[in-house]
Amino acid sequence: MLTGLRRFQQMLPRSLQIILPRLLLLAPQMFGVLFVTFFLIRLLPGDPAVLLLGNMATPEAVAQLRERLGLNDSIWVQFIAYCRNVLHGDLGISIFTSHPVLTDLMERAPATLELIFYAMILTVAIGLLLAVVSVVRPGGFTDVATRIYGLAAGAIPDFWIGLILIFVFFSKLGWAAAPFGRIDAMLSEPPYVTGFYTIDALVAGDFGVLHSAAGRLLLPVITLAVVNAGALMKMTQSVFGKVWASPFVRHARASGVPERVIIRAALRNSLPPIITIVGFLVGFLLGAAVLVETIFSWGGLGQYAVQAVMNSDYPALQGFILVAAAFILVVYLIVDILYELVDPRIRV
Amino acid sequence: MSRIPHSLRSPAAVIGFALLFLQILLILFAPLLSPYSPVEADALASLQPPSAAHWFGTDITGMDVFSRVIYATRINLLISVVSVAVAFLIGVPLGLFIGYYKGIVSSLVMRLFDFIQAFPIFVLGMALVAVMGQEIWNVAIVLAILFTPVFARLIRAEVLSLRERPFVAAARCSGASDLHIMFGHLLLNALLPAMVQVSISIGMAILLTAGLSFIGAGVRMPVPEWGLMVSSGAQQMILGVWWVSLFPGLAIVFSVLCFALLGDVIRDLLDPTKTRRAVSTSTDIIPGIGGPL
């Protein structure tokens, strides 16, 4: 049976050989996520029905919810019921907004994704650029500056640097847009296409909205990039540094290959570990977005999660953790697949 | 002077130890050093800019920011050091066991760690504190839970390579018990990466504690805590009131920097084979846990 599977696997193209086993692994991981989010609430001291409804709930409502949640059944029957609900897209009703949690999350997801997307691009750009320059020109100004930046970046709290940026660029200099949401309150949202305001505005040809949305993105994106680019830079420095010192680079230079081409080739060879780090970065950015969104009143998933914590809104919190964990798992999956695809030396 | 190892005389080491010494002074002599009570509100002195009377100004309730920054050193370092110590004391023996014994239990524990570390660390911390209740000790417990896998993994990785070495076989042949091999022979040899990680983890714990308090999932007002203080000034920052948030934030930066530098120093001290260039990895991403959040 197993050998048959293996033979079947070897008949597939290399990319499918890499992707299929990973996809199979996703199912037990998602099951684990469900398990944790379920027991996170159930392990609490006290009645989950009371927790879900809040302290003001009437005894009848509690009894009704206990019945509906099946709290009188055994814990395993409850867990199966919970899994079934989640698979049907039922994450419960938020206590605070009184909308279904899934609807709430779907509404807010594009805001967070847009923020993370641009922050990611800037982080990678800064991290790689600084790393390459510092390795190629050792002892130069950039080399010294990156050493200080690398040390400091890991020590700066993102929520604090966000506030400092607001103070300097909004309050004092007046260059940046106000830290209140994704577009100017006077403008209306662009018609929904992707949920990314910048792209939707572009599609609609509304440059006023595009300008406002891009302006609002600037400070939170810089905040996230400044804090996270340091780790990526140091990782790239060590990987790229090793490649830069390797014989093939020396050989290429001796053969008169232009420096720019050598850098590109060396960077290409440093790619696999960098891709892994970039994947982890998505996870960090999602965590950091919780803080940064709060500062900039971003109205995304992170701010929703913070509100859920403040209001003891357990269904919302449970839903957020479920979605966040699922998102991270999918990102790690993509990273694993890319990692093997970009490096043909890795055997499947 | 020549008796002091070279790695303790580097600028990084000097700055690191100076910052550590400063923090110890602040913790020990907080009541003597702070001119005001850290928790006493004075409505008449609300939001005063830095002056001779209030070096770091006052916050919206009129509490002296300078005094609160000093007192907060106690809370922030208490939470961070205790949580990392607990994580170390649980993680190290656990790592020894799952590295030494290859079995179903060991791989189950590893899968559990994979799983804990798959969550964004800040999101998981936030959820756990929210569910357990927003108390100082709950923050410490949550941080200990988050850091235990880090230490266990580091020890396990070392033990996996050490357990095949001849000295372990020799010990076994001379009749040493498993426990004796683990704690008498393997432990000290496997400890270096975990020791370096202690200092770095304390820095990360400070950042996490502050972040949790900032969003309201950590300690509560009027406890003097750096993240909470930054948060209490966040509203006024837009209006140009910078001092309420700036100073506690700087305190976080210097405190975390101190433990990052000391992590490098410990590494140099315990492992002299490492070259200068390879040192600047203190706050590097460790798979699954990594950067501050």
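Residues numbered from 1 in each chain as written. Chains lettered and ligands numbered in written order. Predicted model: local features only at pLDDT ≥ 70, side-chain atom pairs only at ≥ 80, totals over all residues. Heavy atoms only, no water.

Identification of chain B as Peptide/nickel transport system permease protein from Arboricoccus pini is taken from an unreviewed UniProt entry. You can read under Subcellular location (unreviewed entry) in the UniProt record for chain B the words "Cell membrane". UniProt lists a comment for chain B under the heading Sequence similarities (unreviewed entry), and it reads "Belongs to the binding-protein-dependent transport system permease family." (UniProt positions renumbered as here; feature names shortened; annotations may be inferred.)

An unreviewed UniProt entry annotates chain A as Peptide/nickel transport system permease protein of Arboricoccus pini. Under Sequence similarities (unreviewed entry), UniProt gives the following word-for-word description of chain A: "Belongs to the binding-protein-dependent transport system permease family." UniProt lists a comment for chain A under the heading Subcellular location (unreviewed entry), and it reads "Cell membrane".

A. Inspection of the UniProt feature "transmembrane region" (unreviewed entry) in chain B at higher detail. Residue and element names in this part refer to chain B. The positions UniProt marks with the feature "transmembrane region" (unreviewed entry) are residues 12-33, 77-100, 112-130, 136-155, 194-219 and 240-262. Taken end to end, residues 77-100 comprises 100% helix and 0% strand; its first and last C-alpha atoms sit 34 Å apart. For residues 240-262, the end-to-end C-alpha separation is 36 Å, with 87% helix and 0% strand making up the annotated structure. (Helix = DSSP H or I, 4+ residues; strand = E, 2+ residues; numbered from the N terminus.)

B. Broad picture of the UniProt feature "transmembrane region" (unreviewed entry) in chain A. Residues and elements named next belong to chain A. Sites flagged by UniProt as "transmembrane region" (unreviewed entry) map to residues 20-41, 115-136, 148-170, 213-232, 274-296 and 316-339. The distance from the first to the last C-alpha atom of residues 115-136 is 32 Å, and the span holds 100% helix and 0% strand. As annotated, residues 274-296 comprises 96% helix and 0% strand, and the C-alpha atoms at either end are separated by 30 Å.

C. Molecular detail of the domain arrangement of chain A. Residue and element names in this part refer to chain A. According to the domain assignment, chain A consists of domain 1 (21-87) and domain 2 (107-342). One C-alpha centre belongs to domain 1, the other to domain 2; they are set 35 Å apart. Taken residue by residue, the interface counts 16 residues in domain 1 and 13 residues in domain 2. For the pair domain 1 and domain 2, the summed buried surface comes to about 1,300 Å²; carbon and sulfur atoms form 79% of the total. The tally of links between domain 1 and domain 2 comes to 0 salt bridges. Elements with a contribution of two residues or more to the side of domain 1 that touches domain 2: helix 2 (14-42), helix 3 (48-53) and helix 5 (75-87). (Domains from an automatic or database assignment. Contact = heavy atoms within 4.5 Å. Buried area = accessible area lost by both parts, 1.4 Å probe. Salt bridge = Lys/Arg side-chain N within 4 Å of Asp/Glu carboxyl O.)

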